[in-house]
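# Observations on chain architecture
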Amino acid sequence: MTGSTPFPRPPAPQPGASRRLVLGGLAGLPLLAACGGGTNSADQAQQNAPEVEEAALPAYTENTTAPTPDIPGKDGSTPGYTSYPAERPTTVEKKPGTGQTFTAMVPTWSGVKDDLDNDYTRTLFEALGSTLQFQMTTGNDYRDKQAAVFASPKDVADWVGVFGWNPPARFDQAVEALFQDLTPFLAGDKINRWKNLANLPTDAWRFGIFHGKLYGLPVPGEAVTDAIFHRPDLFGAAGVEAPTTAEEFLEVCKALTNPDQNRWATNDMGVGAPNLIFGAPPDWRVKDGALQYRWETPEYRAALEFQRELYAKKYVHPEAAADAGDSKQRFESGQVALHYDGIGAWTEMRKRVRESNPQFDMAPLSGLSAGDAKPLRYRGAPANFFSFLKKSDDTARIEELLGIADYLAAPFGTAEWELVNFGKEGVHFTRDDKGVPVPTDALGEQHPGVLGTLVTGPVAKFDATDPEHVKAYCEWMQGEMAYVVDGPFYGHQVVRPVEYATLDQPMYDLEKDVARGRRTMEDFDKAVTTWKNSGGDRMREHYQAVLDEIGQ
């Protein structure tokens, strides 16, 4: 039992891009026909003013019936459970459903399943008291599918999951046109009717506020989302220790690279270097009282110079240089000793590789920085996904869906959490001698694998079969929290105006060429000037207006 569910989960959003896309990537697909016109900077800012947001927020009430973590969170880090609770409390007193059937539009990364009438779904729907009819689309196609569906309101499902890092185009307009304002149901103490929902973190709820009203049900995210991982065994064989600075990183890369042994130091560090070594922002930051964008920062420019050196000295695997091959496979097989990824890869790769190589190990680097600068990390988005309920004049219908969401949001170690994640004992899981659920083949075959894209309980790390990994994971994250800062728009829904939708693309195209030595730093500097003159400076004015209103 590892991670947060025993069934396949969606890949983590590319951490370096996740908040950039949420804050600035909502335009670019065709206009949603049902959604009307846009809003100007002043209107957007006013609708997201602090007092408006606070009035829409649910009050937080900790669910004290849930099991206490063995490793408590610290300063917002993920709590950990190294053992499975012997007693699993009940958090939902009665079935929330009344026998209705609700459609749910969701992405899937484990294959579209059309026939979901099985032992698992019957067990779940019996517990819920109503049926969920899933409308699945493969994850890679999901955003485009939603854009098409949202243009036809009659086709919108009763419950819709949405990427937190990459919603459909003009989604802020779709929200008001298509989905239920949940403020009257959940704001303030009204949420106490559903104690599992009330147990979700405030920042995650704030992320679901659009134009001053609460619409989204959150799937909470972790504060630290990504890392540069290393192979301790390969480091030991090369006689080097884990680096903590950019300078040490280069020295380590020199010692690790040996093409004659089919080994290079690293995969591409196009996101890892600027974000995790040099402390560049993923989008905006405030510097000397003014907004400054990623490309404009000296940290980003220095990270680009750093990557040029990695490539020039051939420390990067040739396949990575050519944007080819599988970066995870290169790391797992030992062709590279350094790899950038989402933090979930630590558990995923470690578990998978150890099935055939019990000695395999990997670990994230800690406290990375450049020169004399202090380490700096920008906090991850407070929600990975959120979901929305289709507008309805039937109050009871919305309340029933909120009750179902409350069941699915039960925290780790509760009776509801176990049923949602493991199904029926004796059919979908058995227990080992410590009471830990052991999934049967039936669980993987029958579980829809999509419930975690609608709503979940608070983030928690658990693995009763590998408590040392949980301990290492949680302690590393606690250490990284000392370097975490909030971006100026953290937790707020700020939509980039459509006229700036493609502004960044030339910079993304250029950065790979510059890093690989195909273009020069002079080319980069000229491109930054072009970016500013082509709309970057005007876009800054828009975001400054929003920033003034949200009071950051």
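Predicted model, so just to flag it, every value in this text is computed and none were measured. (Residues numbered from 1 in each chain as written. Predicted model: local features only at pLDDT ≥ 70, side-chain atom pairs only at ≥ 80, totals over all residues. Heavy atoms only, no water.)

## Let's talk about the sheet that holds strand E12 (residues 336-342)
Just so we agree on the cut-off: Two strands are counted as paired when DSSP detects at least two bridges linking them. Here a helix means four or more residues in a row that DSSP labels H or I, a strand means two or more in a row labelled E, and each is numbered from the N terminus. Any two residues whose heavy atoms approach within 4.5 Å are treated as being in contact. Every angle, taken between N-to-C directions, lies between 0 and 180 degrees, and every axis is a line fitted to C-alpha atoms, over only the stretch in contact when it is a helix.
Across the sheet, four strands lie side by side as E9-E12-E8-E13; this open sheet has mixed pairing. Two strands bound the open sheet, and with one partner strand each, they are strand E9 (264-266) and strand E13 (363-364). Summarising the sheet, E9 and E12 pair through two bridges and their orientation is parallel. By the bridge assignment, Trp 264 is partnered in E12 with Val 336. Lying on the sheet, helix H16 (residues 344-354) is in contact with strand E8 (226-230), E12 and E13; it crosses E12 at an angle near 125 degrees.

## Some words on the pairing of strand E3 (residues 131-138)
For clarity, the cut-off: The crossover handedness rule: strands pointing away from the viewer, path from first strand over the helix to second strand clockwise, crossover right-handed.
As judged from the eight bridges shared by strand E2 (residues 101-108) and E3, these two strands associate in the parallel manner. Within E3, the residue paired with Thr 103 across the bridge is Gln 133. In terms of handedness, the path from E2 via helix H4 (residues 119-128) over to E3 forms a crossover that is right-handed.

## Topic: the pairing of strand E11 (residues 290-293)
Consecutive side chains of a regular strand alternate in pointing toward one face of the sheet and then the other. Sheet topology places strand E10 (residues 284-287) next to E11; four bridges connect them, and they run antiparallel. Residue Lys 287 lies in a different strand from E11, and its bridge partner there is Ala 290. Where E10 hands over to E11, the hairpin turn is made up of two residues, of which Asp 288 adopts a positive phi near 55 degrees.

## Re the packing of helix H13 (residues 298-312) against helix H21 (residues 505-515)
Going by this rule: Should an angle fall under 35 degrees it is called roughly parallel, over 145 degrees roughly antiparallel, and 65 to 115 degrees roughly perpendicular, with every other angle called oblique.
For the pair H13 and H21, the least separation of the axes is 8 Å and the interaxial angle reads 45 degrees. On the basis of their axis angle, the class for H13 and H21 is oblique. Together, Tyr 300, Leu 304, Gln 307, Arg 308 and Tyr 311 of H13 and Glu 511, Val 514 and Ala 515 of H21 make up the contact between the two elements.

## Observations regarding the environment of His 542
Note on placement: His 542 falls in helix H22 (residues 521-550). A C-alpha to C-alpha distance of 43 Å links His 542 and Lys 113, two positions 429 residues apart in sequence.

## Observations regarding the pattern of salt bridges
Defined as follows: The rule for a salt bridge is simple: a side-chain nitrogen of Lys or Arg has to be within 4 Å of a carboxyl oxygen of Asp or Glu. Residue exposure (1.4 Å probe, protein chains only): buried if accessible area is under 20% of the type maximum, exposed if over 50%, otherwise partly exposed.
Taken as a whole, this structure holds 33 salt bridges when the rule is applied. Across the pair Arg 397 and Asp 158 runs a salt bridge, and its minimum N-O distance is 2.9 Å. Of the two residues, Arg 397 is situated in helix H17 (residues 395-408) and Asp 158 in the loop between helix H5 (139-150) and strand E4 (159-163); the sequence distance between them amounts to 239 residues. For Asp 158, a relative accessible area of 14% corresponds to the buried category. Ionic pairing is found between Arg 350 and Asp 466, a salt bridge with its closest N-O pair at 2.2 Å. Pair noted here: Arg 350 is in helix H16 and Asp 466 is in the loop between strand E18 (461-462) and helix H20 (467-480), with a separation of 116 residues, a long-range link. Across this residue pair, the class does not change: Arg 350 and Asp 466 are buried. Each of Arg 88, Glu 418, Glu 425 and Arg 431 takes part in a single network of salt bridges with overlapping partners.

## Let's talk about the sheet that holds strand E15 (residues 383-389)
One open sheet accounts for five strands, arranged E3-E2-E4-E15-E7; its pairing is mixed. Edge strands, defined here as strands with exactly one partner in the open sheet, are E3 and strand E7 (217-220). When the angles between neighbouring strand axes are averaged without regard to direction, this sheet yields 20 degrees. Both E2 and E4 contribute to a ladder of two bridges, which runs parallel.

## Notes on the packing of H16 against H20
Rule in force here: The hand of a helix crossing depends on one turn: near helix anticlockwise from the far one by less than a right angle means left-handed, and clockwise means right-handed. Following the grouping adopted for this structure description, the nonpolar residues are Ala, Val, Leu, Ile, Met, Phe, Trp, Tyr, Cys and Pro, the charged ones are Asp, Glu, Lys and Arg, and the polar ones are all others, Gly among them.
Where H16 contacts H20, the two axes come as close as 11 Å, and the packing angle between them is 160 degrees. By the angle class used here, H16 and H20 are roughly antiparallel. Once H16 is placed against H20, the crossing between them reads as right-handed. For the pair H16 and H20, the contacting residues are Trp 346, Thr 347 and Arg 350 in the first and His 469, Ala 472, Tyr 473 and Trp 476 in the second. For the contact of H16 with H20, the per-class residue count stands at four nonpolar, two polar and one charged.

## Structural notes on the side chain of Thr 245
If you trace the backbone, Thr 245 turns up in the loop between helix H10 (232-238) and helix H11 (246-256). For Thr 245, the contacting residues outside a window of four places in its chain are Leu 368, Ser 369 and Gly 371.

## Some remarks on H5
Residues spaced three or four apart along an α-helix face the same direction, because each turn holds 3.6 residues. What counts, and what does not: Any helix carries an expected span of 1.5 Å times its number of residues minus one.
The first and last C-alpha atoms of H5 sit 17 Å apart over twelve residues, in line with the 16 Å expected at 1.5 Å per residue. Every buried residue of H5 is listed here: Gly 139, Tyr 142, Arg 143, Gln 146, Ala 147, Val 149 and Phe 150. Summarising the contacts, the buried residues of H5 are in contact with E2, E3, E4 and helix H6 (171-178).

## What about the nonpolar core?
Our working definition: Put simply, a nonpolar core is a bunch of buried Ala, Val, Leu, Ile, Met, Phe, Trp, Tyr and Cys residues held in one set by side-chain atoms that sit within 4.5 Å of each other.
Ranked by internal contacts, the top residues of the largest apolar core, which has 55 residues, are Ile 228 and Phe 249. For this core, the element with the most residues is H22, which contributes ten residues. Setting aside anything within four residues of it in sequence, one finds Phe 249 in contact with Ile 228, Pro 243, Met 269, Ile 277, Phe 306, Leu 310, Leu 338 and Leu 365. In terms of nonpolar packing, the next biggest core, distinct from the first, is built from 54 residues, Leu 128, Phe 185, Leu 402 and Leu 408 among them.

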